Amino acid sequence: MLLELRNLVDLRAFIHTVKKSGKTIGFVPTMGFLHAGHMSLVRMSKSKADVTIASIYVNPSQFNENTDFDSYPRDEKSDLLLLQQNFCDAVFIPKIDEMETLSKVHVDLGGLESVMEGKFRPGHFKGVIEVVYRLFSVVTPNYAYLGEKDFQQIMVIQKMVNHLKLCVQIVPAPIVRESNGLAMSSRNSKLSSIGREKASVVFEVLRNYLSEDVRFLEQKLLSSGFELEYLEEHEIDGCKRLFIAGFLEGVRLIDNIQMS
Ligand code: AMP
């Protein structure tokens, strides 16, 4: 049975009971409109932690435009069903007003906030840090499960955890894809069925980056209607990773792949 926690009092009472019984907590923070990618995180958490808590919160401070926040897809009923079917123990669905009462934190991200996602979405990671810190401070998880689709976000959150010496282990999870290679995302629901097919070009470009000419790949993206924001290679902890972001049919898509 999925326990629905809709305010801080109920959440804190539940956390207190869990901690008193000496159980560990696995946490899966989300913005809802859940899909198989989110469920892979729930399953990973269930295989390690005693109790799995997901959260559904569309955080206004990480959106650059109000219209993007307003039009972000939401379907709480189907989210609850999916969580229940995947045996998630509890879900925290806070109200914006109550989240705003929690304290904020500032973390020096050492430049991470101004490249790739940070460059094209100014202030985005400040909003991410704000909400994740707030969620961590009330959920007090032992483990937090985060998808590699938002690879830079994992780096930012890990930086925050190190900086504040928080007692939570960040566990990265592999990207779950549609059969055509498109990385699953709540935003994909805003694509037309043709758009969803065309969007497979994003992963195709990542896979063929080493064997094809970059100009040719950029042309391929363009001819599929993909407006490229960035296609960048970065070395992270000794491994090369390729990152891509852009718009298709006005929907922002991101993806990445490990190259070595
Ligand atoms: P979101 O609801 O988009 O904020 O995502 C919540 C969490 O699910 C984040 O840690 C994401 O990286 C992760 N996630 C989203 N899509 C996928 C996917 N296709 N595969 C794996 N994890 C994902």
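Figured I'd write up the structure that's included with this text. (Residues numbered from 1 in each chain as written. Predicted model: local features only at pLDDT ≥ 70, side-chain atom pairs only at ≥ 80, totals over all residues. Heavy atoms only, no water.)

**Brief notes about the site of the ligand**
Okay, so step 1: In the vicinity of the ligand, 16 residues are found, and the nearest of them are His38, Gly147, Asp150, Val176 and Met184.
Okay, so step 2: At 2.8 Å from a nitrogen atom of the ligand is found a main-chain nitrogen or oxygen belonging to valine 176.
Okay, so step 3: Here a nitrogen atom of the ligand and a backbone polar atom of methionine 184 are 2.8 Å apart.
Okay, so step 4: Protein burial of the ligand: of its 490 Å² of free accessible surface, 94% is covered by the chains.
Okay, so step 5: Those elements that provide at least two residues to the shell around the ligand are β2 (25-30), α2 (36-48) and β5 (143-147).
Okay, so step 6: It is α2 that provides the largest number of residues to the shell around the ligand, a total of three residues.
Okay, so step 7: Of the residues belonging to the shell around the ligand, the class tally is nine nonpolar, five polar and two charged. (Near = heavy atom within 4 Å. Polar contact = N/O pair within 3.5 Å; in protein donor to acceptor, adjacent residues only side chain to side chain. Areas by Shrake-Rupley, 256 points an atom, 1.4 Å probe, with all protein chains shown as cover. Helix = DSSP H or I, 4+ residues; strand = E, 2+ residues; numbered from the N terminus. Nonpolar A, V, L, I, M, F, W, Y, C, P; charged D, E, K, R; others polar.)

**Side note on the pairing of β5**
Okay, so step 1: Most of β5 is tucked away: four of the five residues are buried.
Okay, so step 2: Where β2 meets β5, two bridges bridge the pair, whose relative direction is parallel. Its bridge partner lying in β5, phenylalanine 27 is registered against alanine 144.
Okay, so step 3: Relative to strand β6 (residues 169-173), β5 runs parallel, the two being bridged by five bridges. Bridging across to β6, leucine 146 finds its partner in proline 172.
Okay, so step 4: Where the polypeptide runs from β5 across helix α8 (residues 151-164) and back to β6, its parallel neighbour, the crossover connection is right-handed. (Buried < 20%, exposed > 50% of the residue type's maximum accessible area, 1.4 Å probe, protein only. Pairing = 2+ DSSP bridges. Right-handed = clockwise from strand over helix to strand, strands pointing away.)

**Some details on the sheet that holds strand β1 (residues 3-5)**
Okay, so step 1: Taken in spatial order, the six strands make up an open sheet running β1-β4-β3-β2-β5-β6, and their pairing is parallel. Because the sheet does not close on itself, it has two edges, and the strands there are β1 and β6. On average, each strand axis in the sheet is inclined to that of its neighbour by 25 degrees, with strand direction left out of account.
Okay, so step 2: Across six bridges, β2 lies against strand β3 (residues 51-56) in parallel orientation. Following the sheet pairing, proline 29 is matched in β3 by serine 55.
Okay, so step 3: The sheet strands contacting helix α4 (residues 76-85) are β1, β3 and β4 (90-92), and the helix crosses β3 at an angle near 165 degrees. (Axes fitted to C-alpha atoms, helices over the stretch in contact; angles between N-to-C directions. Contact = heavy atoms within 4.5 Å.)

**Points about the nonpolar core**
Okay, so step 1: Counting residues in hydrophobic clusters, the biggest one holds 37 residues, and the most contacted among them are Ile53, Phe92, Phe136, Val139, Ile157, Met160 and Ile170.
Okay, so step 2: Counting residues per element, this core draws most heavily on helix α7 (residues 124-139), which supplies ten residues.
Okay, so step 3: Those residues in contact with methionine 160 that lie beyond four places of it in its chain are Val107, Ile129, Val132, Tyr133, Phe136 and Leu166.
Okay, so step 4: In terms of nonpolar packing, the next biggest core, distinct from the first, is built from 20 residues, Leu191, Val202, Leu217 and Leu242 among them. (Core = buried A, V, L, I, M, F, W, Y, C linked by side-chain atoms within 4.5 Å.)

**Describing the sheet that holds strand β9 (residues 251-258)**
Okay, so step 1: The three strands are arranged β7-β8-β9 in an open sheet whose pairing can be described as antiparallel. The strands lining the two open edges of the sheet, one partner per strand, are β7 (227-236) and β9. Recorded for the sheet is a direction-independent mean angle of 15 degrees between the axes of neighbouring strands.
Okay, so step 2: Inspection of the sheet shows β7 paired to strand β8 (residues 239-248) by nine bridges, in the antiparallel sense. Pairing of glutamate 232 across the sheet is with phenylalanine 243, part of β8.
Okay, so step 3: On the sheet, helix α10 (residues 200-208) packs against β7, β8 and β9 and is oriented at approximately 25 degrees with respect to β9.

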